[in-house]
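# Residue-level structure breakdown
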Number of protein chains: 2
Amino acid sequence: MYRTHNNGQLRAAHINKEVTLAGWVQKIRNKGFMVWVDLRDRYGITQLIFDEERTSKEVIEKATKLGREFVIQVKGTVIERESKNANMPTGDVEILVSELTILNQSETPPFTIEDDTDGGEDLRMKYRYLDIRRKPVRDNLIFRSKVAMAVRNYLSKEGFIEVETPYLIKSTPEGARDFVVPSRMNEGQFYALPQSPQTFKQLLMVGGMDKYFQIVKCFRDEDLRADRQPEFTQIDCEMAFVEQEDILNAFEGLTKHLLKEINGVEISEFPRMTYDEAMEKYGNDKPDIRFGMEFCPLTTEGGVVGTFEPKGFPVFDNAELVVAINVEGCAEYTRKQIDALVDWVKRPQIGATGLIWVKYNADGTLKSSIDKFFGEEILKQWAEKCNSKPGDLMLIMAGQKNKTQTQLSALRMYLAEQLGLRKSNEFAPLWVVDFPLLEWDEETNRYHAMHHPFTSPKPGQLELLDTNPGEVKANAYDLVLNGNEIGGGSIRIHDKKTQALMFDYLGFTPEEAKAQFGFLMDAFQYGAPPHGGIAFGLDRLVAILGGQETIRDFIAFPKNNSGRDVMIDAPAPIDHKQLDELHLNVVIKS
Amino acid sequence: MYRTHNNGQLRAAHINKEVTLAGWVQKIRNKGFMVWVDLRDRYGITQLIFDEERTSKEVIEKATKLGREFVIQVKGTVIERESKNANMPTGDVEILVSELTILNQSETPPFTIEDDTDGGEDLRMKYRYLDIRRKPVRDNLIFRSKVAMAVRNYLSKEGFIEVETPYLIKSTPEGARDFVVPSRMNEGQFYALPQSPQTFKQLLMVGGMDKYFQIVKCFRDEDLRADRQPEFTQIDCEMAFVEQEDILNAFEGLTKHLLKEINGVEISEFPRMTYDEAMEKYGNDKPDIRFGMEFCPLTTEGGVVGTFEPKGFPVFDNAELVVAINVEGCAEYTRKQIDALVDWVKRPQIGATGLIWVKYNADGTLKSSIDKFFGEEILKQWAEKCNSKPGDLMLIMAGQKNKTQTQLSALRMYLAEQLGLRKSNEFAPLWVVDFPLLEWDEETNRYHAMHHPFTSPKPGQLELLDTNPGEVKANAYDLVLNGNEIGGGSIRIHDKKTQALMFDYLGFTPEEAKAQFGFLMDAFQYGAPPHGGIAFGLDRLVAILGGQETIRDFIAFPKNNSGRDVMIDAPAPIDHKQLDELHLNVVIKS
């Protein structure tokens, strides 16, 4: 036993008790006749005191030689502090040390182990084991573990069974790129790491497991964008004998439970919105509805609101969509502020050609960047349409529908961030439903499954596949929280014929379909029940519940944007012997 | 909503209720005027009844066309059964069906979906999704999930934090062979899948996480022996500021909790045995102590018990060890039975040259296979030494110490199995402690770490490394249950100097040590606390708690002995495009 108590435990009630503590030296203050040491562990900080009058000379001497991050063990008596610290749970007491053992020394760490450290991201990642000693990082990992336990307990109570599905599976070209694992025992053959346990969970439904979940690592060999990881964790779920409504209710239940249990927030019912509605109102299939700023379309069938014929303003005349957002209380934005917004939307990441503004001044007058084309009378009609009030600023974009929606959505989110409307302690979940079954892929010049090839179309819509594929809606849904997709799923196809039709439509030859998903098609012959499911991104979910948006902060040992673990320096070359055993040659092109 | 109740739910109290059920057709009995269908789901079986008088003609007709494993939905009324079935929870009632919907048809399954199926192992694995519909398989998976939840809840309550460590790590040549994952973004470089999160959990201790656990998949590319899987699940644990005693107590607590929670068995305290003692008493470092049959050495310093000089029996005279077991009540074994035992130990898997028997007959006389060399007086002394009573059979082996111990241990286990002494509902855990630090490897002709290179030697024994390395004992322990190692761990080295010494001793050059474990050596510079841990094999633990020994039965989608998943047919060749992206060529030798 290295300790009788931890460093977050001692209170006034323990005064006069003999204790043994162990931990890291956080801080040393040496006043010559007195030395204070802050001793730290996972549970907190306890102040140690060594003083000339009450501590042996030898122990004091040892204490003065301690350095930051030394690991020590002390024995001593809990005494009352002279100057109490109300900000520390242990702030009423300190330990008068009688014995001091140095368990391990420490070099000076490469950055300070403080809540606000002087270490940059790269340095902290290289020495992640020191970064984890910092309270914010440690708290995030503990928070993650708490969320995962809450998920497991809730789902278990609801009758879900956690089943482990295999990690060494089979590569399929559909979807993102697989990580593969060469097989030594099967020459020239490879396993793949799962992008998700999708087919296995469907097979578990065929197998009658009824309600399945798993918190499971998944893998995607993608070019990494910011805050994407090659390995990530999913809360993967599937239910049999369900319709969409059953799934939404079950996982609305889970999400409510988490918000209550973890964040103390009660939400009665989650709003539902169709994909089309989300795109129209927010230009985004994962809208942040913590704040308004809804899209206000200025185009009607007859043309732009308030006009009945082209006004000679080409930006509008040629636009498929003219759409505004109303930014409350921002009519007084300066020229410079507005120019900054214009510049922001023109950046290549957004790619807009311009931004039109209309100020509804406090005195009731209206002023716009297109006064030349549209008189105050028309501007007023726009303001009315958009519920704009004196003091507000309207921002307008125009152009091709999809692009304009995406660009204005980005601006809406940017403004909300700037204006402090995205409050991390506010939670606004919603379901987005009725997603399109297919989406057009410019690169391959054909339709792809928007969700995955196992998603079922809405009843009666299968017939549209040939005539109007982009219009076919799916039994697919996303759970959105604060502008992030935290979960997504669908009701699956469960009959062999429809599944074959889908594979065919997605460009699989019957042979390819058989080679890759033959086992699923086989399974569908033997009484597959109706089923559906959902998967949550645990990394993202935890970050949002934790009031943050960077998933890397909630992963113990994350990889950088090149997929490297800079701490252990992986990936790395392997032995020739290993390659030989795997029947592989590395081909370096240079 | 496909159903109002599941098929395990309805009782007499539900009589007259209108219900909707869904599930699989287990069985159909058609008496012409009446049709009964057993409807099955995860929760149980409910009997449906269709009869001429009360069911519409159309519905009856549909019912007669149902086949086994069809997926159906029925509406109807709960009625009292005429002949109740006390063996079924739902046996008091049946459903008088008014509506029948076929949700999916089924081909005749390749084997019967019954507790005792007619399907062989291979067929069941190919159609594992149908195998899982069978109650024993389904129950095993549910049992596994229950055990895992009990582990998580117990450890969480004890302050352990579940931290996810990465799956894409770095290959190290020490230990078993790694599975590797080629990196597309880092030409010619590879990740490795973890054989265990060993170094990461140690880094979490350096990082101050204090108490860590994780239920985690691990991977080993070994030639598969029976009942080994290339991917397996570990309950991985680590604690800081602990001595061996703290770890033993903590995980004795976990194991007691599981035995109580899962099996309803209370065990007060686990016996502890040193490795040396286990080898002497049972010839085995994971002894099954549910039954006696302890080893009884017949060699003393002066020679074989009862003799003071060589007796001209070369088997004994040249033996390093002569050792017996006493098999209670088997003195009446026939010549044929004993010959079978002799044959059994002579099989190449055991490799013994022979087996000596001594019958202690019920009438008090003694008879042996070596009467020529040893008179009854000497046999009597052996019997006394081994607590053999009239009616017992002593079996004796002799030869080189290690080999003889291993062979007699195998015989002991075989006999216990034959005699029904290994009762699956009896649980006898014990700790085996003080393992050797090193073990001799014949192949490489040098010592290897018995546990792994991070295991700390017992205090003061490091000095023996140079003079008597085989004698150095480690702070290493195994938890043994019913003759299986279910967990093993050690107190780790936590200072850089000792770790460097160990790497050196194990044949790593400083450069190799740095390349492979540099991050750990670095970490040890910055205040590593004393720490240690343990890992349990979840697959094995679950099987044993479930009263079985085949881990495959507790894995949803296991691989066969060639590491293949015969259901999805993996591993499999991959596209040339994929290989190109990974900078790899497959080299097929033929």
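Residues numbered from 1 in each chain as written. Chains lettered and ligands numbered in written order. Predicted model: local features only at pLDDT ≥ 70, side-chain atom pairs only at ≥ 80, totals over all residues. Heavy atoms only, no water.

### Some words on the interface of chain B and chain A
Facing 125 residues of chain B, the contacting portion of chain A comprises 125 residues. Of the roughly 11000 Å² buried between chain B and chain A, counting both surfaces, carbon and sulfur atoms make up 59%. Seen at the junction of chain B and chain A, the total is 12 salt bridges. Between Glu164(B) and Arg144(A) there is a salt bridge, with its nearest N and O atoms 2.9 Å apart. Taken together, the links from chain B to chain A amount to 69 residue pairs in polar contact (both at pLDDT 80 or more). Element by element, the count of residues in the side of chain B that touches chain A is highest for helix 4 (residues 135–157) of chain B, at 9 residues. As paired elements, strand 25 (residues 584–586) of chain A and strand 25 (residues 584–586) of chain B share 3 bridges and run antiparallel to each other. When the sheet's bridge partners are listed, Leu584(A) is paired in strand 25 of chain B with Val586(B). (Contact = heavy atoms within 4.5 Å. Buried area = accessible area lost by both parts, 1.4 Å probe. Salt bridge = Lys/Arg side-chain N within 4 Å of Asp/Glu carboxyl O. Polar contact = N/O pair within 3.5 Å; in protein donor to acceptor, adjacent residues only side chain to side chain. Helix = DSSP H or I, 4+ residues; strand = E, 2+ residues; numbered from the N terminus. Pairing = 2+ DSSP bridges.)

### A closer look at a negative patch on the surface
Taken together, the side chains of Glu114(A), Asp115(A), Asp116(A) and Asp118(A) define an acidic patch exposed on the protein surface. Exposure remark for Asp116(A): the relative accessible area of 72% places this residue in the exposed category. (Patch = residues over 30% accessible without salt bridge, like charges linked within 9 Å, V, L, I, M, F, W, Y side chains within 5 Å. Areas by Shrake-Rupley, 256 points an atom, 1.4 Å probe, with all protein chains shown as cover. Lys, Arg positive; Asp, Glu negative; His and termini not counted. Charge placed at Lys NZ, Arg CZ, Asp CG, Glu CD. Buried < 20%, exposed > 50% of the residue type's maximum accessible area, 1.4 Å probe, protein only.)

### Details of the UniProt feature "binding site: ATP" (unreviewed entry) in chain A
Here the UniProt-annotated "binding site: ATP" (unreviewed entry) positions come out as Arg220(A), Asp221(A), Glu222(A), Gln229(A), Glu485(A), Gly537(A), Leu538(A), Asp539(A) and Arg540(A). Summarising the element assignment, Glu222(A) is placed in the loop between strand 9 (211–219) and strand 10 (231–240). Using a relative accessible area of 22% as the deciding quantity, one classes Glu222(A) as partly exposed. Setting aside residues up to four positions removed in sequence, Glu222(A) forms contacts with Ala176(A), Arg177(A), Arg228(A), Arg184(B) and Met185(B). (UniProt positions renumbered as here; feature names shortened; annotations may be inferred.)

### Digging into the environment of Asp569(B)
Secondary-structure assignment places Asp569(B) in the loop between helix 15 (538–545) and helix 16 (576–581). Exposure remark for Asp569(B): the relative accessible area of 40% places this residue in the partly exposed category. Spatially, the C-alpha atoms of Asp569(B) and Glu417(B) are 36 Å apart, while their sequence positions differ by 152 residues. Other than its neighbours up to four places away in sequence, Asp569(B) contacts Lys170(A) and Arg564(B).

### Focus: the sheet that holds strand 1 (residues 18–30) of chain A
In space, the 5 strands of this closed barrel follow the order 1-2-3-5-4 (chain A), with mixed pairing throughout. Pairwise comparison of adjacent strand axes, ignoring direction, gives a mean angle of 55° for this sheet. (Axes fitted to C-alpha atoms, helices over the stretch in contact; angles between N-to-C directions.)

### Thoughts on the state of the cysteines
Counted according to the given criterion, the structure contains 2 disulfides over all chains. Here Cys296(A) connects covalently by a disulfide to Cys386(A), the sulfurs 2.1 Å from one another. One quick way to see it: the torsion about the S-S bond of Cys296(A) and Cys386(A) is about -85°, and its sign makes the bridge left-handed. Taken together, the positions of Cys296(A) in strand 12 (residues 296–297) and Cys386(A) in the loop between helix 10 (376–385) and strand 18 (393–399) put the pair 90 residues apart, joining distant regions of the chain. On the accessibility criterion, Cys386(A) (9% relative accessible area) is buried. With no disulfide of its own, Cys218(B) has Cys237(B) as its nearest cysteine by sulfur position, at a separation of 12 Å. A relative accessible area of 0% means that Cys218(B) is categorised as buried. Cys330(B) takes part in no disulfide bond, and the closest cysteine sulfur to it belongs to Cys386(B), at a distance of 15 Å. (Disulfide = S-S within 2.5 Å.)

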